[in-house]
Amino acid sequence: MDNIVTVGGHINASINFAMQQNYVPVIRSLVVNNNSEEALENIGLKITFEPEFAKEFTYHIGSIPAKSSAEISPVRISTNTDLLFSLTEKMVAISPLRCFKMVKISSPIRTL
């Protein structure tokens, strides 16, 4: 099965304290492509950072028409200044990106 959604963009391969202080974005832009023959509705995008050099980023896309794309720019990533300042050597990090369909819950959830 082909990927229904693909994501690309302009992402810095590295970041440091000086870049953060000069407002250089970690992610300049993202493009979410709908590769299917149908429109996609209520798409969520979540980026986490391991280790947590930045806060989790979430974004809601209302609709992406069939065979079309949506661009997210600017991508406002809030970095952890203290962590970046405390680094004395290079650290490798990963930033998993998840794309998912958001579901509206019409009634409250009861706990037992």
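As a reminder, the structure under discussion sits directly above these lines.
The notes below deal with the structure included here. (Residues numbered from 1 in each chain as written. Predicted model: local features only at pLDDT ≥ 70, side-chain atom pairs only at ≥ 80, totals over all residues. Heavy atoms only, no water.)

## Section: the overall build of the chain
Helix and strand counts for the chain stand at two helices and six strands. Taking 112 residues into account, the globule formula puts the C-alpha radius of gyration at 13 Å, and the chain, at 17 Å, lies well above it. For the chain, the spread of C-alpha atoms along the three principal axes comes to 50 × 45 × 25 Å. Buried residues in the chain amount to 24% of all 112 residues. A sequence separation of at least 24 residues applies to 68% of the contacts in the chain between residues at least 6 apart. Carbon and sulfur atoms make up 52% of the accessible area of the chain, which amounts to about 8300 Å² in all. When the 10 positive and 10 negative side-chain charges of the chain are each reduced to one mean point, those points stand 6 Å apart. (Helix = DSSP H or I, 4+ residues; strand = E, 2+ residues; numbered from the N terminus. Rg over C-alpha atoms; globule rule 2.2 N^0.38 Å. Buried < 20%, exposed > 50% of the residue type's maximum accessible area, 1.4 Å probe, protein only. Contact = heavy atoms within 4.5 Å. Areas by Shrake-Rupley, 256 points an atom, 1.4 Å probe, with all protein chains shown as cover. Lys, Arg positive; Asp, Glu negative; His and termini not counted. Charge placed at Lys NZ, Arg CZ, Asp CG, Glu CD.)

## Observations concerning the packing of aromatic side chains
One pass over the structure, following the stated rule, counts three aromatic pairs. Both rings, one in Phe57 and one in Tyr59, keep their centres 6.3 Å apart while their planes meet at 15°; by these two values the pair is stacked. Owing to a relative accessible area of 8%, Phe57 belongs among the buried residues under this scheme. Relative accessible area serves as the criterion here: at 36%, Tyr59 is assigned to the partly exposed category. (Phe/Tyr/Trp six-rings, centres within 6.5 Å; stacked < 30°, edge-to-face > 60°.)

## Some remarks on the sheet that holds strand β2 (residues 27-34)
Within a sheet, each strand pairs with its neighbour through backbone hydrogen bonds, oriented either parallel or antiparallel. Spatially, three strands are ordered β1-β2-β5 in an open sheet, and the strand pairing comes out antiparallel. Looking at the sheet topology across the chains shown, the edges are occupied by β1 (5-11) and β5 (69-72). Taking each pair of neighbouring strands and ignoring which way they run, the sheet shows an average axis angle of 15°. Bridging between β1 and β2 involves seven bridges; their strand directions are antiparallel. Bridging across to β2, Ile11 finds its partner in Ile27. (Pairing = 2+ DSSP bridges. Axes fitted to C-alpha atoms, helices over the stretch in contact; angles between N-to-C directions.)

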